[in-house]
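This is what each chain is made of:
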Amino acid sequence: MNERFKQPVLYAGKVDYDVDLSKPPTTGEEYIKRVMFEAQQCEEVTCATIDETRLKKPTLDVRPLPECTKAPDYVNPPMEWQKSQVADFSDIRLYIAQIRNEIIEGKRSRRVSNIKLPHASNKNGWIDTCINTAENASYIEPTLTTILELSQPTIEQVLEYLVEFLEDQRFIEPQLGRWLYALLAALELPLHPDVCSCLRSLARLCSNKRSQLDFSQANEALSLNLFICLVARYFRQLDLADQ
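As the structure is a computational prediction, the values presented were derived from the model and not from experiment.

## Points about the pattern of salt bridges
Part 1 of the argument: Evaluated as defined, the whole model comprises 6 salt bridges.
Part 2 of the argument: One salt bridge connects Lys123 with Glu164, and the closest N-O pair in it is separated by 2.8 Å. Here Lys123, found in helix H4 (residues 123-131), pairs with Glu164, found in helix H6 (residues 152-166); they are 41 residues apart in sequence, far enough to count as distant.
Part 3 of the argument: With relative accessibility at 34%, the residue Lys123 sits in the partly exposed group.
Part 4 of the argument: With a shortest N-O distance of 2.8 Å, Arg210 and Asp242 are connected by a salt bridge. You can see Arg210 sitting in helix H8 (residues 193-211) and its partner Asp242 sitting in the segment after helix H9 (221-234), a full 32 residues away along the chain. Each member of the pair, Arg210 as well as Asp242, carries the same accessibility label: buried.

This is the structure in structure tokens:
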């Protein structure tokens, strides 16, 4: 069967190797013979010679992003603790997803709090809302009702605001930690690439701050360990995980 495909489709006769290629062909057969002649002169394999001196150097300096800093032994979270935190976090996310579905299906009415939240574009307003102490009137506790009021783009935007704010903080204040945890619990999957990058930045920030703690500050590493664990173990950024 395969031999049939090797047979020539157009018969042009014998190739004249003394043909004058400077003159144009006068017939179709002569043209085909010239094509056959030129094909026979080509090597089966050819390699290009590259003059590397003429190549321009790349203008972009691409540097890999740093990974998480390894935890000191006195703050390194045990694997059982990490598994427990992921399990609790998963239960909370399932509960939020169930309530959302019930609201969509009309089985549950949406509760609206009487607290006025900042607009998604109001970065300073959200930072003030999330980090001020409970004694301050502008502080709002991240309750389930409050989180369900936020659209997914708003959740992603506020999370980015807080991660940027965290860069200048020595550790995570409890009120900021509660907001970060609530926003992570409300994130819908699959993650947008920008959101995934934000989560990885959060984990790296936490690991860097944790590496600066001494033995007497071990308790301050709990919230840092928690967010590294959730980003790495739950959101599957396993290259950032504590081993």
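## Regarding the packing of H6 against helix H7 (residues 174-186)
Part 1 of the argument: Close contact between H6 and H7 brings their axes to 10 Å; oriented N to C, the two are set at 145 degrees. Once H6 is placed against H7, the crossing between them reads as left-handed. Residues Gln152, Ile155, Val158, Leu159, Leu162, Phe165 and Leu166 of H6 pack against Leu176, Trp179, Leu180, Leu183, Leu184 and Ala186 of H7.
Part 2 of the argument: Split by residue class, the contact of H6 with H7 holds 12 nonpolar, 1 polar and no charged.

## Thoughts on the nonpolar core
Part 1 of the argument: Ranked by size, the top nonpolar core spans 50 residues in total, and within it Leu159, Leu183, Leu184 and Leu202 carry the most contacts.
Part 2 of the argument: Within the residue set of this core, elements represented by two or more residues are helix H3 (79-104), H4, helix H5 (144-149), H6, H7, H8 and H9.
Part 3 of the argument: For this core, the element with the highest residue contribution is H7, accounting for 9 residues.
Part 4 of the argument: Among residues more than four places away in sequence, those in contact with Leu202 are Val163, Leu166, Leu180, Leu184, Phe227 and Val231.

How each quantity is defined
Within each chain, residues carry numbers counting from 1 in the order of the written sequence. The predicted nature of this model means local features are confined to residues of pLDDT at least 70 and side-chain atom pairs, given and counted, to a pLDDT of 80 or more, with totals for whole chains, interfaces and linings taken over all residues. To get the side-chain values, all heavy atoms of the structure are used, and hydrogens and water are removed first. Each reported salt bridge corresponds to a side-chain nitrogen of Lys or Arg within 4 Å of a carboxyl oxygen of Asp or Glu. A run of H or I in DSSP becomes a helix once it reaches four residues, and a run of E becomes a strand once it reaches two; helices and strands are each numbered from the N terminus. Working definition: with a 1.4 Å probe on protein chains only, accessible area under 20% of the residue-type maximum means buried, over 50% means exposed, and in between means partly exposed. Geometry is summarised by axes, namely lines fitted to C-alpha atoms with helices restricted to the contacting stretch, and by angles between N-to-C directions that run from 0 to 180 degrees. In this scheme, a crossing is called left-handed if the near helix is turned counterclockwise away from the far one by less than a right angle; it is called right-handed if the turn is clockwise. The contact criterion used throughout is that any non-hydrogen atoms of two residues lie within 4.5 Å. Gly is put with the polar residues, along with every residue not named as nonpolar or charged; the nonpolar set is Ala, Val, Leu, Ile, Met, Phe, Trp, Tyr, Cys and Pro, and the charged set is Asp, Glu, Lys and Arg. What is meant by a nonpolar core is a set of buried Ala, Val, Leu, Ile, Met, Phe, Trp, Tyr and Cys residues, joined one to another through side-chain atoms within 4.5 Å.

Read these as geometric descriptors, not functional statements.
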